Amino acid sequence: MMSIVAPSPAYSPLVDNFGREITYLRVSVTDRCDFRCVYCMAEDMTFLPKRDLLTLEELDRLCSAFIARGVRKLRLTGGEPLVRRDLMTLIRSLSRHLESGALEELTLTTNGTQLANLAGQLADAGVRRINVSVDTLDPILFRKVTRRGNLDQVLEGIAAAQAAGIRVKINTVALKGTNEDELRSMIEWAHDRDMDLTLIETMPLGEIDGDRTDQYLPLSLVRSRLESAYTLVDLPDRTGGPARYVSIAETGGKLGFITPLTHNFCESCNRVRVTCTGTLFMCLGQEDAVDLRMPLRSSESDEALHAAIENAIAHKPKGHDFIIDREHRRPALSRHMSMTGG
Ligand code: SAM
Ligand code: SF4
């Protein structure tokens with residue numbers, strides 16, 4: 001049985017030292033994945049022993065504690081969140097916060113491989129929107145980029161999610177010399193199917209097998225190329241996150257750009273991230289972290305957990321400083337995106 005933590009007026013909202021209120025939590029529920037995307041993981045990954053992972057009950061307590069402190073949007077990610085066994089139990093349990101109105105949105109970022117089976121259950125649990133990562137619509141290139149994925153399975157998953165009434169946004173990492181010439185047709189594919197698409201610049205997180213400078217494609221360049229084909233109209237920022245959105249007059253759809261390297265979005269950052277081992281990262285681009293697993297495991301009461309969260313938020317850094325260039329071939333941070341979930 002999962003414990004129920006009702007939003008309590010006893011807990012104050014989480015506001016950091018720069019006046020930013022934390023309303024968005026991303027939780028990586030596993031470091032494992034059925035893909036090995038070339039920009040995300042090495043071919044040969046060593047995953048964490050199961051005992052290091054937070055249990056589903058611990059994840060529920062942790063998310064509920066943040067919700068009690070004013071988190072309104074919760075995104076589950078990974079690794080691949082939907083390969084975690086019994087994840088639906090956690091999602092169904094967390095959906096009580098949607099019913100109570102404490103939580104506005106419960107969502108996921110997924111590679112889509114399990115969606116054909118799980119879309120209906122996700123919709124029943126109150127999931128209204130998801131992000132699905134697709135970097136190419138060429139099945140052979142898809143296999144190459146993911147090192148093991150089957151594009152048809154993902155496309156079936158997307159169709160199942162849409163059929164279940166879930167809005168799908170496509171995430172596409174822009175990769176030099178890989179999907180660079182395909183981006184326009186991907187945008188048109190997504191917009192034709194009533195899906196927004198967000199382009200992501202590669203971030204220097206974790207050791208991978210290749211050289212990141214070979215993958216890095218600045219979105220400023222992508223944007224200027226798209227501008228020669230389309231009319232892009234800037235949309236006001238409402239997310240507090242690193243994405244900037246435009247609408248494309250010709251397709252009527254929305255296009256996002258996540259440019260952590262060329263755009264400083266830190267002043268409005270309203271989010272923190274927790275890894276599957278319960279480490280709270282206050283900034284995607286910094287090493288500052290606080291362990292929440294120990295306070296979770298040390299007592300059945302959530303007092304120590306709340307104290308650790310408060311302490312962490314008081315130390316949220318002002319911003320980050322990612323760099324990818326020829327002099328900085330090492331990852332800026334040693335952890336992979338699959339640990340903090342993007
Ligand atoms: N497995 C799920 C998926 O792929 O959607 C969720 C986790 S994945 C780490 C979340 C997002 O991060 C995906 O859209 C992925 O493309 C992106 N990502 C992973 N590594 C990245 C990197 N080094 N730079 C930029 N984006 C990255
Ligand atoms: Fe897995 Fe997502 Fe990383 Fe690809 S990007 S290896 S799907 S966690």
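Our subject is the structure listed above.
This one's a predicted model, so the numbers in the text were calculated from it and none came from an experiment.

S.K.: Whenever I open this one, the packing of aromatic side chains confuses me. Can you help?
M.R.: Each aromatic ring pair is described using two quantities: the centre-to-centre distance and the angle formed by the ring planes. Per the stated rule, a full pass over the model turns up one aromatic pair. With 5.8 Å between their ring centres and 85° between their planes, Phe35 and Phe142 make a pair best called edge-to-face. Of the two residues, Phe35 is situated in the loop between strand S1 (24-28) and helix H1 (56-68) and Phe142 in helix H4 (residues 139-146); the sequence distance between them amounts to 107 residues. The ring of Tyr245 has Lys254 lying over it, and the distance from NZ or CZ to the ring centre is 4.7 Å.

S.K.: Looking at this model, I keep getting lost on the site of ligand 1. Mind explaining?
M.R.: Among the 19 residues in the neighbourhood of ligand 1, the closest are listed as Tyr39, Gly79, Ser133, Val173 and Met203. Between Gly79 and ligand 1, the recorded distance is 3.0 Å, taken from a backbone N or O atom to a nitrogen atom. Separating an oxygen atom of ligand 1 from a backbone N or O atom of Thr110 is a distance of 3.2 Å. Elements represented by at least two residues in the shell around ligand 1 include exactly strand S3 (105-110) and strand S5 (167-173). Of the residues contributing to the shell around ligand 1, the split by class is six nonpolar, ten polar and three charged.

S.K.: Help me understand the layout of surface pockets in this model?
M.R.: Reported here for the second largest pocket is a volume of approximately 220 Å³. Around the second largest pocket, the lining residues are Thr30, Arg32, Lys50, Arg51, Leu53, Leu54, Thr55, Val83, Arg84, Arg85 and Arg297. Per-class residue counts for the lining of the second largest pocket are three nonpolar, two polar and six charged.

S.K.: Please clarify how the site of ligand 2 should be interpreted in this entry.
M.R.: Around ligand 2, the neighbouring residues are Cys33, Phe35, Arg36, Cys37, Cys40, Met41, Gly79 and Asn111. Of the residues that constitute the shell around ligand 2, the class distribution is five nonpolar, two polar and one charged.

S.K.: Looking at this structure, I do not really get the sheet that holds S3. What am I missing?
M.R.: Through backbone hydrogen bonds, the strands of a sheet pair up, either in parallel or in antiparallel fashion. If you trace the twelve strands from one edge of the open sheet to the other, you get S7-S8-S9-S6-S5-S4-S3-S2-S1-S10-S11-S12, paired in mixed fashion. Two strands close off the open sheet at either side, each with one partner strand: strand S7 (232-234) and strand S12 (289-291). Ignoring which end each strand starts from, the neighbouring axes of this sheet average 25° apart. Where strand S4 (residues 129-133) and S5 come together, five bridges link them in parallel fashion.

S.K.: Can you help me understand H4 in this one?
M.R.: The periodicity of an α-helix, 3.6 residues per turn, causes residues three or four places apart in sequence to face the same way. Here H4 has its buried residues at Leu141, Phe142, Val145 and Thr146. The buried residues of H4 occupy an angular sector of 120° when the element is viewed end-on, so they sit on one face. Among the exposed residues of H4, those pointing more than 90 degrees away from its buried face are Pro139, Ile140 and Lys144. Packing partners of the buried residues in H4 comprise helix H5 (151-163). Where H4 begins, the capping side chain belongs to Asp138, and its oxygen is found 2.8 Å from the backbone nitrogen of Ile140. Arg147 sits one or two positions beyond H4 and adopts a positive phi of about 65°.

S.K.: I keep staring at helix H3 (residues 115-124) and nothing clicks. Help me out?
M.R.: Here H3 has its buried residues at Leu115, Leu118, Ala119, Leu122 and Ala123. Taken down its axis, H3 places every buried residue within 140° of arc, on the same side. Residues of H3 that are exposed and point more than 90 degrees away from the buried face comprise Asn117 and Asp124. At its buried positions, H3 is contacted by helix H2 (87-100), S3, S4 and H5.

The rules behind the values
- Residues numbered from 1 in each chain as written.
- Chains lettered and ligands numbered in written order.
- Predicted model: local features only at pLDDT ≥ 70, side-chain atom pairs only at ≥ 80, totals over all residues.
- Heavy atoms only, no water.
- Phe/Tyr/Trp six-rings, centres within 6.5 Å; stacked < 30°, edge-to-face > 60°.
- Helix = DSSP H or I, 4+ residues; strand = E, 2+ residues; numbered from the N terminus.
- Lys NZ or Arg CZ within 6 Å of the ring centre and 35° of its normal.
- Near = heavy atom within 4 Å.
- Polar contact = N/O pair within 3.5 Å; in protein donor to acceptor, adjacent residues only side chain to side chain.
- Nonpolar A, V, L, I, M, F, W, Y, C, P; charged D, E, K, R; others polar.
- 1 Å grid on protein atoms, 1.4 Å probe; cavity = no way out; pocket = protein on both sides within 12 Å on 5 of 7 lines; lining within 4 Å.
- Points joined across faces, edges and corners; volume = space filled by probe spheres on them.
- Pairing = 2+ DSSP bridges.
- Axes fitted to C-alpha atoms, helices over the stretch in contact; angles between N-to-C directions.
- Buried < 20%, exposed > 50% of the residue type's maximum accessible area, 1.4 Å probe, protein only.
- Arc of directions from axis to C-beta.
- Contact = heavy atoms within 4.5 Å.

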